[in-house]
Each structure stands twice: as structure tokens, then as C-alpha cells.
Amino acid sequence: MDRMSRAMGRLTACHDCDLLLRLPGAQSGRVSVCCPRCGAALYECSDSGPQASAALLAAGLIAFAIANVYPVLVLEIAGNRNAATLWQTALALQGQGMPEVALLVLFTGIVMPALELASMLYLQLPLLFGRAPPGFPGMMRLRGLARPWCMVEVFLLGVLVSLVKLVHLASVQPGIGLWAFFGLIVLMAASASRFRPHELWERYQACRATE
């Protein structure tokens, strides 16, 4: 019975028009299924997907580390040169009597991106080596909760607005950390576009069955 259900595939509803469809069973190679009614993409699977996703996440982790180690902006006013990382910016906001803003910067710019990268790596790396990660369901829920709060794009938009306003008052130069944040946005967007929850669940269940 299990073999028959795997061969026939599972039922799913189109997220655009709610048409009930049966997805194809496990196959090798690239599989792409679109809704016959509205054309929305329902299922996409590729043999190179897990490796590419893990590579993007690893590159995103490196970009995240660089973005938090190197200065985001370099200001030069009257011969005084100041460079600040994101951590130092949050500490400066705390010192100027704005603890709420400092916590918001830390939460949306550091804590949540780190949590999302760590959770996705925890979910995907063990499956890449054929092992089921402990606490997989809980980590999937944690990743879903962290994703909406990962606002690196909003942070960079605020930095760009500040650059435009400060350019007439001081010499402003983007630091290595700012470019690393741009790279982090691209890598996280590419990783999110390859994130397939149904595929992870299928691989997790297959690993559990073999253990």
C-alpha cells in the first residue's frame, strides 16, 4: 500500500485556484508540475537542489559574518574618521538613550537573519548526508516564525536613506560590511527561492524510514 501511494503521489490543492490535484510520485531528474487550470507552479524538484541550497546557505553564512565584522559605513567629518559595524551602531543607539531602536536593529538585522540561516542549515545539511536531524518538525516551525522578521532589506534601505541625507554634511563611504549585506540579501533570496518544504519533509521521512 505504501509503495502504491508513493507511486501515485499525494493530493494537494493549488494555492491560487484551489484545484485539487495529485502530484507525481518520486522520480529521478527534474520534476515540475503546474496547475492545469491557472498555470501556477505546484511542485518542482531537481537532483541538484539540495547541494545548491546548502552551497547558497554556506555562502550566506560567510557573507553574514563579514557583514557583522567589517564596518557598514565610514564617516569623515572635519578630519575625524569614524567607522562602525552593525553591533557598534546598536551600542551607540543604546548610549544615546534609544534602547528600543537598538533592540530593533539587533533583532531584525542580526538575530533573525542568524536564526534563519542557522535553522535552514540545521534542516538541510544532515539530510544532505542521509541523516534525519533531531527536532525536525520544531525547527521547521521555528524557521517559519523567523522568516517574516528577517528584515535585512529594510535595514539597508534605511542605510541608503541615511547616506543620501549625510552626503552634504560629511564624506560618507560604504564599508565592506554594507557590500556584504547586499550579497547576503541576494544569497538569502536565492536560497528562499529554492526552499521546498514538501521536498524536505519527503527526504526527512525517507531518512527516518532507513534509520
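Rules of the game
- Residues numbered from 1 in each chain as written.
- Predicted model: local features only at pLDDT ≥ 70, side-chain atom pairs only at ≥ 80, totals over all residues.
- Heavy atoms only, no water.
- Phe/Tyr/Trp six-rings, centres within 6.5 Å; stacked < 30°, edge-to-face > 60°.
- Helix = DSSP H or I, 4+ residues; strand = E, 2+ residues; numbered from the N terminus.
- Buried < 20%, exposed > 50% of the residue type's maximum accessible area, 1.4 Å probe, protein only.
- UniProt positions renumbered as here; feature names shortened; annotations may be inferred.
- Expected span 1.5 Å × (residues − 1).

Moving on, we get to the packing of aromatic side chains. All chains considered together, the criterion is met by 4 aromatic pairs. Measuring from centroid to centroid gives 4.9 Å for Phe-136 and Trp-201, while their planes differ by 85°, and the two rings are edge-to-face. With Phe-136 in helix H5 (residues 136–146) and Trp-201 in helix H8 (residues 197–210), this residue pair connects regions lying 65 residues apart in the sequence. Both rings, one in Phe-136 and one in Tyr-204, keep their centres 4.3 Å apart while their planes meet at 10°; by these two values the pair is stacked. Taken together, the residues span a long stretch of sequence, with Phe-136 in helix H5 and Tyr-204 in helix H8 at a distance of 68 residues. In this structure, Phe-136 and Tyr-204 share a single accessibility class: buried. Through a chain of ring-to-ring contacts, the aromatic side chains of Phe-136, Trp-201 and Tyr-204 assemble into a single cluster.

Turning our eyes to something else, we now look at the UniProt feature "transmembrane region" (unreviewed entry) in the chain. In the UniProt entry, the feature "transmembrane region" (unreviewed entry) is given for residues 54–73, 101–123, 144–164 and 176–195. Overall, residues 101–123 shows 100% helix and 0% strand. The separation of its end C-alpha atoms is 32 Å. Helix makes up 90% of residues 176–195 and strand 0%. Its end C-alpha atoms lie 28 Å apart.

Next up on the list: H8. With 14 residues, H8 ought to run about 20 Å at 1.5 Å a step, and its terminal C-alpha atoms sit 20 Å apart, in line with that. The set of residues buried in H8 consists of His-198, Glu-199, Leu-200, Arg-203, Tyr-204 and Cys-207.

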